Amino acid sequence: MGTMTRGARVGTGTAAVRPLQEEVMALAFIPEPKNLKLREGVYPLPARGSVGITSVDWMPAAEAVCALLPGAAVHGRAANLRDPIEIRENERLPDQGYVLDIHPKGIVIEASAPEGACHAVRTLAQVAQQSPDGALPCLRIRDWPDFPARGVTYDISRGRVPKPDRLQELGAVLGAY
């Protein structure tokens, strides 16, 4: 499989690991990642698992992963042990940058800072939402924001002014990305 950035197509799996087959679905991301490389196979989400972190700085991202996997627990990562899901630092990535690597035996998130790890978890959540059978497609995403702060402009000069409830609803939806 090659590197793609738009309209990526991946195989859907069942609870058992299997290679990509003729059954495909398109993955859509908000925001669109800079680099997406699809791989053969799937990673079945475990009912229980562990999220290994090397520092308490990574705790917000680890807790967000646990929200995706209610049976998961966070613990300090030991040098010789492998966790199904790992979050670790990679100082060579751009500011707030991350690598999300889903392979048949687990998930590895590398980030330059905790904010990047949180961006990676948001992307992981989007992959999980688009994998209804609980088997995530194997892939590698490398991404970073173009600007240090994300924002949205809501032009009210050409229409009705939204009610506070609608603004709160938009804030909640956009905050997920």
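About the cut-offs
- Residues numbered from 1 in each chain as written.
- Predicted model: local features only at pLDDT ≥ 70, side-chain atom pairs only at ≥ 80, totals over all residues.
- Heavy atoms only, no water.
- Phe/Tyr/Trp six-rings, centres within 6.5 Å; stacked < 30°, edge-to-face > 60°.
- Lys NZ or Arg CZ within 6 Å of the ring centre and 35° of its normal.
- Core = buried A, V, L, I, M, F, W, Y, C linked by side-chain atoms within 4.5 Å.
- Buried < 20%, exposed > 50% of the residue type's maximum accessible area, 1.4 Å probe, protein only.
- Helix = DSSP H or I, 4+ residues; strand = E, 2+ residues; numbered from the N terminus.
- Contact = heavy atoms within 4.5 Å.

(A) Structural view of the packing of aromatic side chains. Enumeration according to the criterion identifies 0 aromatic pairs in this entry. A cation over a ring is seen here: Lys34 above Trp144, with NZ or CZ 5.5 Å from the ring centre.

(B) Looking closely at the nonpolar core. Core analysis: the largest hydrophobic core is formed by 30 residues, its most contacted members being Val51, Ile87, Leu100, Ile102, Ile107, Ile109 and Leu139. Among the elements that take part in this core, helix α2 (residues 114-129) stands out by supplying 5 residues, more than any other. Residues contacting Ile87, with those up to four places away along its chain left out, are Val51, Gly52, Ile53, Thr54, Trp58, Ala61, Ala62, Val65, Ile109 and Ala117.

(C) The arrangement of unusual backbone geometry in detail. Of note, the amide linkage connecting Ile30 to Pro31 takes the cis form, showing an omega dihedral of -10 degrees. Looking at the secondary structure, you find Pro31 in the loop between β3 (24-26) and β4 (35-44). Positive phi values are uncommon outside glycine, yet Gln96 reaches one of about 65 degrees. Along the chain, the position of Gln96 falls in the loop between β7 (85-89) and β8 (98-103).

(D) Fine view of the environment of Ala26. With respect to the element layout, Ala26 can be found in strand β3. Along the sequence, Ala26 and Gln130 sit 104 residues apart, while their C-alpha atoms lie 8.7 Å from each other.

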